Amino acid sequence: MSNEALEFMELGDNLEFNTPLTPEDALYVDTEKARGDFTFNNIYHRLGIDSQTMELLKPMERQYLLFMGHVGCGKSTELLRLKENLHGPDHYYVIHFDISRELDFNNFQYVDLLFVCAQKLLTALKDEGLDIDPVYLGRLDRWFQQEIITRTQDRIFSAEVSGEISAGLSFSGMLKLVSKVTSIFKTSSSHKRELREVVRSSFLEFADIFNELIQISNEVL
């Protein structure tokens, strides 16, 4: 076997298929024309954006877009480029993260995922310098007291959460609470299953409260 063949076979060992390219990376190659009927213009249209002027004509309340493809084909790279184009005061507030780095793929449920989403959103808003008046956090305060503190059997965890709330639920305190719950979903904690059941049984109420906070955040930003 020639040295060239060996070098080609060894090439794969030096490729990082799980590392997406950043939007400004010089290695990026536009392959949209080779993707059949796929076009990013369709995505922009689904999101209410004029693909020619990139003007947001009509914000969409809810859209579900699925990217499919084999490992290393560029899904994450293109998502990063979409974030770059869509994130801004005249378009959308985009939160991007890799779920494989946040949860155990072999052991997570939708409750875990949604709390990670909540944590990422709150962290991004905190980084923006957003501060919400504590008066708007009352419903979330009561939810944590009634559901997490009252119904969770783990007394140590309940005491920690209770301590956060008793100090006065600020925006930073809210982030701490959500992060505390999320950290349990990330680990193999002994009371992960119990906490999942507690959250799942009252999740619609939590979702309603959190959506209300998102609306308030939109008004503040």
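Since the model is a prediction, treat every value here as computed from it, not as a measurement.

### Details of the overall build of the protein
Summing up its helical and strand segments, the protein has 9 helices and 0 strands in all. Counting from the amino terminus, helix and strand elements in the protein follow one another as α-α-α-α-α-α-α-α-α. Counting over 221 residues, the protein shows a buried share of 31%. For the protein, the accessible surface area stands at approximately 14400 Å², while carbon and sulfur atoms represent 51% of it.

### Quick notes on the nonpolar core
Within the largest apolar cluster, 33 residues are counted, with the highest numbers of intra-cluster contacts made by Phe-115, Trp-143, Phe-144, Phe-185 and Val-199. The element contributing the most residues to this core is helix 7 (residues 171-186), with 8 residues. Leave out the neighbours within four places in its chain, and Phe-115 touches Trp-143, Val-178, Val-181, Thr-182, Phe-185, Val-199 and Phe-206. If you look at the next biggest cluster of nonpolar residues, it comprises 9 residues, including Ile-43, Tyr-44, Leu-47 and Ile-49.

### Quick look at the layout of surface pockets
Roughly 270 Å³ of volume is contained in the second largest pocket. Phe-38, Ile-43, Leu-66, Phe-67 and Met-68 are, among the 16 residues lining the second largest pocket, the residues nearest its centre. Looking at the lining of the second largest pocket element by element, the count peaks at 4 residues for helix 2 (residues 40-46). Each residue belonging to the lining of the second largest pocket can be placed in one class, and the counts come to 8 nonpolar, 4 polar and 4 charged.

### Describing the pattern of salt bridges
All told, the structure shown has 7 salt bridges when counted by the stated rule. When the shortest N-O distance is used, the salt bridge between Glu-102 and Lys-120 registers 3.0 Å. Separated by 18 residues along the polypeptide, Glu-102 in the loop between helix 3 (75-86) and helix 4 (110-127) and Lys-120 in helix 4 bring together distant segments of the chain. The salt bridge partner of Glu-212 is Arg-139, with a shortest N-O separation of 3.1 Å.

### Some points on helix 7
Over its 16 residues, helix 7 runs 22 Å from end to end, which matches the ideal 22 Å to within 8%, given 1.5 Å per residue. What helix 7 keeps buried is the set Phe-171, Gly-173, Met-174, Leu-175, Leu-177, Val-178, Val-181, Thr-182, Ile-184 and Phe-185.

### Here's the deal with the packing of aromatic side chains
Scanning all chains against the criterion turns up 9 aromatic pairs. Taking 6.3 Å as the distance between ring centres and 80° as the angle between the ring planes, the aromatic pair formed by Phe-38 and Phe-67 counts as edge-to-face. Here Phe-38, found in the loop between helix 1 (3-11) and helix 2, pairs with Phe-67, found in the loop between helix 2 and helix 3; they are 29 residues apart in sequence, far enough to count as distant. Centroid distance Phe-115 to Phe-185: 5.9 Å. Interplanar angle 70°. Geometry classified as edge-to-face. Of this pair, Phe-115 sits in helix 4 while Phe-185 sits in helix 7, and the two are 70 residues apart along the sequence. Each of the two residues, Phe-115 as well as Phe-185, counts as buried. Through a chain of ring-to-ring contacts, the aromatic side chains of Tyr-110, Phe-115, Trp-143, Phe-144, Phe-185, Phe-203, Phe-206 and Phe-210 assemble into a single cluster. Here the guanidinium or amino end of Arg-81 rests over the ring plane of Tyr-28, the centre of that ring lying 3.7 Å away.

### A look at the packing of helix 4 against helix 8 (residues 192-201)
Geometrically, a packed helix pair is captured by the angle between its two axes and the distance between the axes. Between helix 4 and helix 8, the least distance of the axes is 10 Å, while the angle of their chain directions is 75°. Taken together, the axes of helix 4 and helix 8 lie roughly perpendicular to each other. Where helix 4 approaches helix 8, its residues Tyr-110, Val-111, Asp-112 and Phe-115 are matched on the opposing element by Arg-196, Val-199 and Arg-200. Looking at side-chain class alone, the contact of helix 4 with helix 8 contains 4 nonpolar, no polar and 3 charged residues.

Each value, and the rule that gives it
- The residue count restarts for each chain, going from 1 along the sequence in the order it is written.
- Predicted model: local features are reported for residues with pLDDT of at least 70 only, side-chain atom pairs are reported and counted for 80 or more only, and whole-chain, interface and lining totals are derived from all residues.
- Heavy atoms throughout the structure, all of them, feed into the side-chain values; hydrogens and water do not.
- Labels follow the DSSP assignment, with helices taken as runs of H or I lasting at least four residues and strands as runs of E lasting at least two, numbered in each case from the N terminus.
- Each residue is placed in one exposure class: buried if its accessible area under a 1.4 Å probe, protein chains only, is under 20% of its type's maximum, exposed if it is over 50%, and partly exposed if it falls in between.
- Every accessible area reported is derived by Shrake-Rupley at a probe size of 1.4 Å, with residue values counting cover from the shown protein chains alone.
- We call a set of buried residues a nonpolar core when its members are Ala, Val, Leu, Ile, Met, Phe, Trp, Tyr or Cys and they connect through side-chain atoms within 4.5 Å of each other.
- Should any heavy atoms of two residues lie within 4.5 Å, those residues are counted as being in contact.
- Whether a set of points on the 1 Å grid over the protein atoms alone is a cavity depends on a 1.4 Å probe fitting there but being unable to get out, while an open set qualifies as a pocket with protein on both sides within 12 Å along at least five of seven lines; lining residues are those with an atom within 4 Å of a point.
- Grid points are joined across faces, edges and corners, and a volume is the space filled by probe spheres set on the points.
- The classification used treats Ala, Val, Leu, Ile, Met, Phe, Trp, Tyr, Cys and Pro as nonpolar, Asp, Glu, Lys and Arg as charged, and all other residues, Gly among them, as polar.
- Think of a salt bridge as a Lys or Arg side-chain nitrogen and an Asp or Glu carboxyl oxygen that are within 4 Å of each other.
- Every helix has an expected span of 1.5 Å times one less than the residues it contains.
- Geometry of aromatic contacts follows a simple scheme: Phe, Tyr and Trp rings, the Trp one being its six-membered ring, pair when their centres are within 6.5 Å, and the pair is stacked under 30 degrees between planes, edge-to-face over 60, tilted otherwise.
- Here, a charge over a ring means that NZ of Lys or CZ of Arg falls within 6 Å of the ring centre while also lying within 35 degrees of the ring normal.
- To get an axis, a line is fitted to the C-alpha atoms, and for a helix only the part in contact is used. The angle between two axes follows their N-to-C directions and goes from 0 to 180 degrees.
- Any angle that falls under 35 degrees is termed roughly parallel, while one over 145 is termed roughly antiparallel, one within 65 to 115 roughly perpendicular, and all others oblique.

This is a description of form; function is not addressed.
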